[in-house]
Every structure is written in structure tokens, then in C-alpha cells.
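Structural overview
So the chains spell out like this:
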Amino acid sequence: MKAAVLVEPTEFEIRERSDPSPGPDDVLVAIRDVGICGSDVHYYEHGRIGDYVVEDPLVLGHESAGEVVEVGENVDALAPGDRVALEPGVPCRRCAHCKRGDYHLCEDVEFMATPPHDGAFAEYVSWPADFAYKLPESVSTTEGALCEPLSVGIHSCRRGGVGTGDTVLVTGAGPIGLMIMETAFAAGATDVIVTDVVSEKLDFASERGADLTVNVAETDLEAAVEEYTDGVGADVVIEASGAEPSIRSTIDVVRRGGTVVLVGLADEANVPFDVLDVIDNELDVHGSFRYKNTYDAAIGLLEDDAVDVAGIVDFESSLDDIDDSFQRAMRPDVVKGMITFDD
Ligand SMILES: NC(=O)c1ccc[n+]([C@@H]2O[C@H](COP(=O)([O-])OP(=O)(O)OC[C@H]3O[C@@H](n4cnc5c(N)ncnc54)[C@H](O)[C@@H]3O)[C@@H](O)[C@H]2O)c1
Ligand SMILES: C[C@@H](O)[C@H](N)C(=O)O
């Protein structure tokens, strides 16, 4: 099979690799669509994210979906021809975190495209069948692949307890912020405010239903939220930019007794946070790391047309054009690029 292998920062090689063969509990999937995520771009540009360093040639891509072409002998739930979305993180299933149900916190998780584990920019992937979710007829493999960022949105809204009638502030209008907005509306939020520093991103968020957008490079966020919420503040603030000023601003714009969810990964681990504000205003501050038990929910939301994920795709390209696609995905006005494979 063909696979796009990152051999050096900013250098892919299309290499011929042997087809993977599924184990007894696995399915072999012919990949159809893979999204280009910000973390793929980061590995492409810098060859590392924090302590995760690309030391050997690595196949990137963890937002994927395709068609089952072979199943292992123990697999009953899926059959060749089924279209599936692949949940990219497979936990050990045995540790204390897995056993208490927090499998996304497993320290031995094998996550696609996180060194040393290969991802899905390849013609075939063999994957545990219980981390491959069958797509109904009405859900495309593009949407199946985008169940991954949608899952980040679902998990963060669950962490924030987003509910009916809430005003939710989402900071950052990248793919993750947009997926959080989609999920917040589906969870019953009536008002979603979105921030960014790029006006095109905010225009796009408005087109997709944001009730208020704030360009924080030009406008005072606290004043804008105060005006919009009659001085109360947002019920839930979900930080999805990773920008330090944005992280710091979250506790200034959430209402007393409200909830802050931190999703964006700051470049610096030490971001000043006024703990007295947290205590005095009785804030709930949650981290949100990847997701657990979200794929069935994501597919259900897509089947019900309760969310739109395909609308964030700016371009589709082939595996052979992966270098150009990554260069294009790095442009600040681009939200999502996809690599697609022929049937
Ligand atoms: N916790 C998790 O599980 C998880 C999962 C996926 C991504 N992430 C992180 O979430 C963040 C968002 O991911 P993404 O793929 O959408 O990234 P992205 O870079 O595409 O989007 C971030 C957006 O934030 C905007 N921004 C920059 N400074 C800002 C500021 N001061 N205020 C408001 N917006 C600002 C940018 O213009 C951009 O549109 C990243 O930090 C990413 O690493 C976390
Ligand atoms: C969750 C996923 O989208 C993220 N990029 C990660 O690697 O953790």
C-alpha cells in the first residue's frame, strides 16, 4: 500500500509499505477520508509537540474513516463493505484509569499519529473493531473522519455541563472552536459567543450561527460579554485557542458560579490564573483532554442533522499532494483540509 511518511520536518515521502493484516479482533479498513489536524501540522513543521518527538519516519493523520475490507476471526459486529469512523486512541483496557471508565486518560494509550504510533495517511489501516464505528447510510466518510474533532467538542461540552438555555462563550474559531459551537447548540445552548483574532474566522463562525462574535484584537471582550449578558457573564466558557491572553480572560467573562473548560493547549504551561477569583466566584474549572465514549454520540448527532461538520472543509486533496495540502492547511484563513482516497 501507499503511505505518506513524514521523514523530516516539512518533508513527506510517499512510500510503499506492506498491507497491514488484521489480528483476530481487528478490522482492515481501506481509508477514504483523513482530516489534517493542527497537531499533524505541528509535527510536520516542527517534528515534535512538547515531549512527543518524531524520531523515526511517522505516518500522520488521526481523523479518519473508510470502508472495512476484511475482519478478524472474532469480529461479528462489522463486515466487509461497512463504512466506519476510526476512534484514534486505543487504551490498554487494564489500568486503573481504563477500569474506572476514563479510558482516554490511559497512560499507555496508542494514539494514531502520536510518535511512535503511525496514523492514517495510508491506503489501509488495521484497527481494533471496537474502536471502529459503523456509519449509517446518511453519514459520509468525510463526516465520519470529522467525528474526531467533533468528539473534542462533545467531550468539552460534557465537561462544561452545557445545557438548555445556556450562554456559551467559545474562545478560538478554529476547527475545534467551531465543533464546540456545533455541540453547544445541539446540547441546548441558546446563545453562543465566539472570539478570535482573525476576522475571516469570525465571519465564518457568524455564518455558521454564532450569535455574537468578538475580535479580541480590536474589542474588549469583558465589556462585550457584559453587554450581551446584561452584566451576568457567560454560563460556560470553553477555551479553544490555546492563546495565553485568552486563557487568562476566561475567568473574567464567566458568570459567578459558572464553568470554565480548558481545551486549547497553551505554549507555556504557566498561565497566571487568579485563584481568589475562582474561589470567590465559585467557579468550576475543568481540563478537557481528548474524549471518551463520544463516537456513538457524534454519529447520532450527524444522523439527526443536529450538527454540521462537513461545512468546515475548505479543500480536499489526494495523498500524492500531501505536501501542498499541508502548506495550504497552514494558512490562517483555512479551517480544515482533507486527504481523500478513491473508492
Ligand atoms: N484538549 C484537547 O483534547 C485538544 C484536542 C484538539 C486540539 N486541542 C487544542 O485546541 C486548540 C484549538 O485547536 P484548533 O485545531 O482549532 O486550532 P487552530 O489553531 O486552528 O485554532 C485556534 C484559533 O484561535 C485563534 N486565536 C489565536 N489567538 C486568540 C486569542 N487571543 N483569542 C481568541 N482566539 C485566538 C486563532 O486565530 C485560531 O483561529 C489548540 O490549542 C489545540 O492544540 C486540544
Ligand atoms: C485529540 C486530538 O485531536 C489531538 N490532536 C491530540 O493529539 O491529542
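Residues numbered from 1 in each chain as written. Chains lettered and ligands numbered in written order. Predicted model: local features only at pLDDT ≥ 70, side-chain atom pairs only at ≥ 80, totals over all residues. Heavy atoms only, no water.

Two faces, one strand: in a regular strand the side chains alternate between the faces of the sheet. Burial analysis of strand β11 (residues 124-128) places four of its five residues in the buried class, which makes it a mostly covered element. Strand direction decides the pairing type here: strand β3 (residues 26-36) and β11, joined by five bridges, are antiparallel. From the neighbouring strand, D26 faces β11, where its bridge partner is P128. (Buried < 20%, exposed > 50% of the residue type's maximum accessible area, 1.4 Å probe, protein only. Helix = DSSP H or I, 4+ residues; strand = E, 2+ residues; numbered from the N terminus. Pairing = 2+ DSSP bridges.)

Right, let's talk about the domain arrangement of the chain for a bit. Looking at the assigned domains, one finds that the chain contains domain 1 (2-146 + 309-340) and domain 2 (153-287). Using only C-alpha atoms to locate each centre, domain 1 and domain 2 end up separated by 29 Å. The interface is formed by nine residues belonging to domain 1 together with seven residues belonging to domain 2. Between domain 1 and domain 2 the total buried area reaches about 760 Å² when both faces are included, carbon and sulfur atoms providing 74% of it. Summed over the three residues of domain 1 that lose the most area to domain 2, namely I312, P332 and V335, the buried surface amounts to 54% of that side. Applying the counting criterion to the domain 1 and domain 2 interface returns zero salt bridges. If you look at where domain 1 meets domain 2, you find one residue pair in polar contact (both at pLDDT 80 or more). The residue makeup of the side of domain 1 that touches domain 2, split by class, is five nonpolar, two polar and two charged. (Domains from an automatic or database assignment. Contact = heavy atoms within 4.5 Å. Buried area = accessible area lost by both parts, 1.4 Å probe. Salt bridge = Lys/Arg side-chain N within 4 Å of Asp/Glu carboxyl O. Polar contact = N/O pair within 3.5 Å; in protein donor to acceptor, adjacent residues only side chain to side chain. Nonpolar A, V, L, I, M, F, W, Y, C, P; charged D, E, K, R; others polar.)

In the vicinity of ligand 2, the residues found are C37, S39, H62, F111, E148 and R290. In the environment of ligand 2, a nitrogen atom lies 3.0 Å from a nitrogen or oxygen atom belonging to the side chain of S39. R290 is positioned with one of its side-chain polar atoms (N or O) 2.7 Å from an oxygen atom of ligand 2. Expressed as a share of its isolated accessible area of 260 Å², the protein-covered part of ligand 2 is 79%. For the shell around ligand 2, a count of residues per class yields two nonpolar, two polar and two charged. (Near = heavy atom within 4 Å. Areas by Shrake-Rupley, 256 points an atom, 1.4 Å probe, with all protein chains shown as cover.)

This brings us to the pairing of strand β2 (residues 11-16). With six bridges joining them, strand β1 (residues 2-8) and β2 adopt antiparallel strand pairing. In the strand pairing of β2, L6 is matched with F12. Between β1 and β2, which pair antiparallel and follow one another directly, the connecting turn spans two residues, one of which, T10, has a positive phi of 60°.

For the rest of this paragraph, the subject is the packing of helix α4 (residues 147-160) against helix α10 (residues 295-303). Taken N-terminus to C-terminus, the directions of α4 and α10 make an angle of 105°; their axes are 9 Å apart at the nearest point. By the angle between their directions, the pair α4 and α10 is classed as roughly perpendicular. The segment α4 lies against α10, with C147, E148, L150, S151, I154 and R158 engaging Y295, A297, A298, I299, L301 and L302. Its residues assigned to classes, the contact of α4 with α10 comprises nine nonpolar, one polar and two charged. (Axes fitted to C-alpha atoms, helices over the stretch in contact; angles between N-to-C directions. Parallel < 35°, antiparallel > 145°, perpendicular 65-115°, else oblique.)

Turning our eyes to something else, we now look at a negative patch on the surface. A surface patch of negative charge is lined by D220, E222, E226, D252 and D274. Tracing the sequence through the fold places D220 in the loop between β15 (212-215) and α7 (221-228). (Patch = residues over 30% accessible without salt bridge, like charges linked within 9 Å, V, L, I, M, F, W, Y side chains within 5 Å. Lys, Arg positive; Asp, Glu negative; His and termini not counted. Charge placed at Lys NZ, Arg CZ, Asp CG, Glu CD.)

The subject of this paragraph is the UniProt feature "domain: Enoyl reductase (ER)" (unreviewed entry) in the chain. As annotated in UniProt, the feature "domain: Enoyl reductase (ER)" (unreviewed entry) corresponds to residues 5-339 in the numbering used here. Helix and strand shares over residues 5-339 are 28% and 28% respectively, and the end C-alpha atoms of the span are 14 Å apart. (UniProt positions renumbered as here; feature names shortened; annotations may be inferred.)

What follows deals with the environment of H46. Here H46 shows up in helix α1 (residues 38-46). For H46 and T10, which are 36 residues apart along the polypeptide, the C-alpha to C-alpha distance reads 7.9 Å.

Let's shift gears to α7. Those residues of α7 that fall on the buried side of the exposure criterion are L221, A224 and V225. Seen end-on, α7 carries its buried residues on one side only, within an arc spanning 95°. Tucked inside the fold, the buried residues of α7 contact β13 (167-171), β14 (191-196), β15, β16 (234-239) and α8 (244-253). Residue D230 follows α7 closely and has a positive phi angle near 50°. (Arc of directions from axis to C-beta.)

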